[in-house]
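Residue-level listing of the chains:
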Amino acid sequence: MLEIDQRYLQPPYYYLDNTHCAPAALDWNNRPPPRNEADAANDENDGRRRDYSGPIEVGRFHDHVQRLHADGDIGFSREYDSIQNDPTNEGNSSENSQHPDNKPKNRYLNIIAYDHSRVQLLPMPGQKISTYINANYIDGFLVSKAYIGTQGPLPSTFDCFWRMIWEQRVTIIVMITNLVERGRRKCDMYWPKEGSELYGFIQVKLVKEDVMATYTVRTLVIRHTRVKRAKDISMAEKTVYQYHYTNWPDHGTPDHPLPVISFVKKSSLANPPDSGPIVVHCSAGVGRTGTYIVIDAMLRQIKARGEVNVFGFLKHIRAQRNFLVQTEEQYIFIHDALLEAIDAGETDIPREQFARYVEVLQNPDSRSEDERAWKVLDEQFQQVIKFKPRDFNLVSANKPVNQKKNRCAVLVPIESARVHLTPRPGEDGSDYVNASWLPGFHSLREFIITQHPIAKEEFWKMCWDHTCQLVVMLSIIDGEEFEKFWPEADEVIKTDVFTCVQANVNKSTPFITREFLLKSLQDDFEIRTKFVQSLNWPHQGVASIKNMYDLPNYVTSLQKENQGPVCIVDRFGGTEAATFCALVTLKRHLAYEQKVDIYMYAKLYHNKRPGLWLSVDDYMKLHLCVQTVSSEPEKYLEEVPPDLYTLANGVSKTRTTSNCSGKSSNYSDPQPGYSRSPDGYSASVAVTIEQDGERPSTSKDVGFSAGSLHDSKNDLERVPPEGMESEGAVL
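What comes next concerns the included structure. Please read all numbers here as calculations on a predicted model, not as lab measurements.

Along the backbone of the protein there are 19 helices and 29 strands. By residue count, 59% of the 731 residues in the protein fall in the buried class. Accessible surface for the protein amounts to roughly 30200 Å². Of this, 49% is attributable to carbon and sulfur atoms.

See below:
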């Protein structure tokens, strides 16, 4: 009788037969009956009930959040304490995590995986390899096991991590921690820096790395080395995308929820319907991991049912992995992020829909039912300029010693975004310059926008301190208030650290270009800075919206990789400079994603330097400019190298503007990322700028007093009057 080796009768262990996420019940979304009639009345009035679960309609969510914020966030404290003290999870066992063989695989002693929901690795025939990994299945909205929450892999668990990715048919990995934070190791690098690495039986190859300002997307191809000659290539290898959020602060929560919302939406939507769960990890896999999962699930609930139930959902998933959403600060951040998403509506618009989107902004009555998520223009703009700085935001700008350094009282840097100079010992205010950092598509500090310098030494000191190798000047020289601030011919600007001389000048190009040499007095270090002077762009010399791209494209051709921030100068560090930065960023966004989110960048820019946008016309012009790019992608977007992200520009009609003296001026305007591979960098950049339509008064639009503004002698330019601690580690 023929004997068959039993090994050949065993099922394959390379992947799970079924990883599709099944429908899940909504038990957690039901409001429990009140204890008595008095409690029923209190449910809507003071929020002091013992159980806070139950859905809240989107239309009532704003008032709900405001109630929780009242009296020093006491409502949030009550809700979060109720979740923390819930006794229902105390009986959940974690014997596998506590097993002596598995304890070394846990990054933190107190962060374990519940047995009933833990991910079990498949046993490997003929080998005694552990099936344990510190990871749990977590439900999503209406979907069971939509996510896997896990810790940041340890070197000893790299093999297990990639086995899990393969077996669970994972396509999307979400990483919400940096490898090192505050000097502590938070996660180990479980992917190859370049080329390929073998982790157990799984070979991982880094194909591409796309670097954005707040996150990085890595394209990885994984292959199971035990699968040979597979007829279906997907049986042998698959592509995995790692979405790595890099801008969560070392302690606390992000400054603003918009970039986080954008990241959550993009990473979640990238998961194909036939793929396995989204794997989410931070350091311990509970704090930021839980924050991501709750935000994603609630965004889905908002879209599907027009309601939110943060309390009920978090209470539900905490039964699947311990400590999810680890601090009250994170719990508050979730609510603020969801409120921001509700107030903004849908603002990340696909290129093919952008023309219709602009049409709806101009004529909101034409919105169809499917377009109700597009908020009307005025409503969007009020949200964009909602942030009003308080005294503590403007400490440096309002110091008496610094006030004389500001050309315009309302265009000053807030403390968290101001550009610092190296201070001179014993000299108060020597670290101050009226300049602000603005994010771009690739970097949080991609641009410096500043006013026309009052003291030229301060300007060149800023370029020296921050290695600015490209300056774009949009203001004009009038010989009186706005004077030349660079050396010419044999002139030398000398400081106690460096000298600045003009190396060459070229007036044969459409824009005057100069090159300056900044040379150290202590050693042979030097910086070569290119200086592009545009004569009052975009208010003069722009025949049509097509010509708006002349300056940005020219600046793009001058850019090199790793050359520091681009410094944009206009008269007051205001709308012209901000629009230039916004349009560069938006074009890159559009080229990379075939989508564009004007609302997000406009709001982030305002929050960095309040007063940039004077009226709704400024905001609308950004849309009109981007529309010209989105309507002809083959012409405008293919100018960028394939691995570079690029952006759009805009202009306006005849407009009335307010300057710092409160005067009005009329003039006519035309109507309207880089991707990094393991082998190197792609380096060109596009830049562009803005215009306007008719302008209401400055004080009406921005909420500032025009009387506080400095007098202007030239009317051609417009002026505006995580604390996640576990065993001492941030999670």
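Turning to the packing of aromatic side chains, a few remarks are in order. With the rule as written, the count across this model stands at 31 aromatic pairs. For the ring pair Phe 459 and Trp 460, a centre distance of 5.1 Å and an interplane angle of 85° mean the geometry is edge-to-face. Judged by centre distance (5.5 Å) and plane angle (75°), the rings of Trp 464 and Phe 525 are edge-to-face. In this pair, Trp 464 sits in helix H13 (residues 456-465) while Phe 525 sits in the loop between strand S20 (512-520) and strand S21 (526-533), placing the two residues 61 residues apart along the sequence.

Our next topic: the side chain of Ser 430. Residue position: Ser 430 is located in the loop between strand S14 (418-420) and strand S15 (432-438). Within polar-contact distance, the side chain of Ser 430 engages the backbone oxygen of Glu 427 at 2.9 Å. Apart from residues lying up to four places away in sequence, Ser 430 is in contact with Leu 421, Thr 422, Pro 423 and Arg 424.

A few words now on the sheet that holds strand S22 (residues 566-569). As summarised here, the arrangement of the 9 strands in space is S14-S15-S16-S22-S17-S21-S20-S19-S18, forming an open sheet in which the pairing is mixed. Each of the sheet's edge strands pairs with one partner strand only, and the pair in question is S14 and strand S18 (493-494). This element, helix H14 (residues 550-558), spans strand S17 (470-473), S20 and S21 of the sheet and lies at about 165° to S21.

Looking at the secondary structure, you find Gln 330 in helix H9 (residues 328-344). Looking at Gln 330, its side chain comes within polar contact range of the main-chain nitrogen of Gln 326, at 2.8 Å.

A separate point is unusual backbone geometry. Positive phi outside glycine occurs at Asp 71, with the angle close to 55°. Relative to the helices and strands, Asp 71 is located in helix H2 (residues 58-84). Positive phi is not limited to glycine here, since Phe 323 has a value of about 65°. Its location among the elements puts Phe 323 in the loop between helix H8 (310-317) and H9.

A few words now on the packing of helix H7 (residues 287-305) against H8. Between H7 and H8, the shortest axis-to-axis distance is 10 Å and the interhelical angle comes to 130°. Relative to H8, the element H7 lies oblique. Handedness of the crossing formed by H7 with H8: right-handed. Contacts between H7 and H8 pair Ile 293, Val 294, Ala 297 and Met 298 from the former with Val 310, Phe 313, Leu 314 and Ile 317 from the latter. Its residues assigned to classes, the contact of H7 with H8 comprises 8 nonpolar, no polar and no charged.

A word on H2. Between its terminal C-alpha atoms H2 stretches only 26 Å, short of the 39 Å expected from 27 residues at 1.5 Å a residue. Taken as a whole, H2 carries its principal kink of about 125° at Asp 71. Where H2 is concerned, the buried positions are Phe 61, His 64, Val 65, Leu 68, Gly 75, Phe 76, Ser 77, Glu 79, Tyr 80 and Ile 83. Tucked into the core, H2 has its buried residues touching strand S1 (56-57), strand S12 (307-308), H8 and H9.

A few words now on the pattern of salt bridges. Applying the stated rule across the entire model yields 27 salt bridges. Arg 300 is paired through a salt bridge with Asp 296; the nearest N and O atoms lie 3.5 Å apart. Taken together, the residues span about one helical turn, with Arg 300 and Asp 296 both in helix H7 at a distance of 4 residues. On the basis of relative accessibility, which here comes to 38%, the residue Arg 300 falls in the partly exposed class. For Glu 515, the salt bridge goes to Lys 530, with nearest N and O atoms at 3.7 Å. Taken as a pair, Glu 515 in strand S20 and Lys 530 in strand S21 lie far apart in primary sequence, 15 residues in all. Beyond isolated ion pairs, a larger network of salt bridges with shared partners links Lys 266, Asp 348 and Glu 593.

Let us now look at the nonpolar core. Counting residues in each nonpolar core, the largest one holds 115 residues, and the members touching the most others are Leu 338 and Trp 613. Among the elements that make up this core, the one with the highest residue count is H9 (10 residues). Looking at which domains feed residues into this core, each of domain 1 (63-344) and domain 2 (382-631) gives three or more. Excluding anything up to four places from it in sequence, Leu 338 contacts Phe 61, Ile 295, Met 298, Leu 299, Ile 302, Val 308 and Val 310.

Here the focus is the environment of Met 548. Secondary-structure assignment places Met 548 in the loop between S21 and H14. You can call Met 548 buried: its relative accessible area is 0%.

Burial along strand S4 (residues 172-175) is two-sided: Ile 172 and Val 174 and Ile 173 and Met 175, pointing in opposite directions, are all buried. In terms of strand pairing, S4 meets strand S10 (residues 237-245) through 4 bridges, oriented parallel. The residue bridging Met 175 from the neighbouring strand is His 244, located in S10. Here 3 bridges tie S4 to strand S11 (residues 278-281), and the two strands are oriented parallel to one another. Across the sheet, the residue bridging to Ile 173 is Val 279, located in S11.

Structurally, Pro 364 is set in the loop between helix H10 (354-362) and helix H11 (377-384). For Pro 364 and Trp 374, which are 10 residues apart along the polypeptide, the C-alpha to C-alpha distance reads 9.0 Å.

By definition, a disulfide is the covalent link that joins the sulfur atoms of two cysteine residues. Under the counting rule described, the total for this entry stands at 0 disulfides. Cys 468 carries a free sulfur, and the closest cysteine sulfur to it, the one in Cys 463, is 4.6 Å from it. Judged by its relative accessible area of 0%, Cys 468 falls in the buried class.

Right, let's talk about the pairing of strand S19 (residues 498-506) for a bit. As paired elements, S18 and S19 share 2 bridges and run antiparallel to each other. Counterpart to Lys 494 in the pairing with S19 is Thr 499. Adjacent in sequence and paired antiparallel, S18 and S19 are bridged by 3 residues. Note that S19 and S20 share 8 bridges and pair antiparallel. Following the sheet pairing, Phe 498 is matched in S20 by Ser 520. Linking S19 back to S20 in an antiparallel pair, the connection comprises 5 residues.

Running from amino to carboxyl end, H8 crosses H9 at an angle of 135°, the nearest separation of the two axes being 11 Å. Between H8 and H9, the crossing angle belongs to the class labelled oblique. In terms of crossing hand, the pair formed by H8 and H9 is right-handed. For the pair H8 and H9, contact is made by Val 310, Phe 311 and Leu 314 and by Tyr 331, Ile 334, His 335 and Leu 338, respectively.

The rules behind these values
Throughout, a residue's number is its position along its own chain's written sequence, starting from 1. Thresholds applied to this predicted model are a pLDDT of at least 70 for local features of residues and 80 or more for the giving and counting of side-chain atom pairs; totals over whole chains, interfaces and linings are not thresholded and use all residues. Heavy atoms throughout the structure, all of them, feed into the side-chain values; hydrogens and water do not. Put simply, DSSP marks the helices as runs of H or I at least four residues long and the strands as runs of E at least two long, and each gets a number from the N terminus on. We call a residue buried when its accessible area falls under 20% of the maximum for its residue type, exposed when it is over 50%, and partly exposed in between, using a 1.4 Å probe and counting protein chains only. All accessible areas in this document rest on Shrake-Rupley with a 1.4 Å probe, and a residue is counted as covered only by the protein chains that are shown. Aromatic pairs are defined between Phe, Tyr and Trp rings, using the six-membered ring for Trp, whenever the two ring centres lie within 6.5 Å; interplanar angles under 30 degrees are classed as stacked, those over 60 as edge-to-face, and all others as tilted. Residues adjacent in sequence count toward polar contacts only when both atoms are side-chain atoms; beyond that, a polar contact is any pair of N or O atoms within 3.5 Å, and within protein one must be able to donate a hydrogen and the other to accept it. We call two residues contacting when some pair of their heavy atoms lies within 4.5 Å. Strand pairing requires that DSSP identify at least two bridges connecting the strands. A fitted line through C-alpha atoms represents every axis, and for helices the fit uses only the stretch in contact; the resulting angles, taken between N-to-C directions, go from 0 to 180 degrees. Note on angle classes: values under 35 degrees are labelled roughly parallel, values over 145 roughly antiparallel, values of 65 to 115 roughly perpendicular, and the remainder oblique. Should the near helix be turned anticlockwise from the far one by less than a right angle, the crossing is left-handed, and should it be turned clockwise, the crossing is right-handed. Ten residue types, Ala, Val, Leu, Ile, Met, Phe, Trp, Tyr, Cys and Pro, are classed as nonpolar, four, Asp, Glu, Lys and Arg, as charged, and the remainder, Gly among them, as polar. Expected span of a helix, by definition, is 1.5 Å for each gap between consecutive residues, and there is one gap fewer than residues. Axes are fitted to the seven residues ending at a residue and to the seven starting at it; the angle between these axes is taken as the bend at that residue. By convention in these notes, a salt bridge is any Lys or Arg side-chain nitrogen within 4 Å of a carboxyl oxygen on Asp or Glu. What is meant by a nonpolar core is a set of buried Ala, Val, Leu, Ile, Met, Phe, Trp, Tyr and Cys residues, joined one to another through side-chain atoms within 4.5 Å. Here the limits of each domain have been adopted from an automatic or database domain assignment. Throughout, a disulfide means two cysteine sulfur atoms within 2.5 Å of one another.

This is a description of form; function is not addressed.
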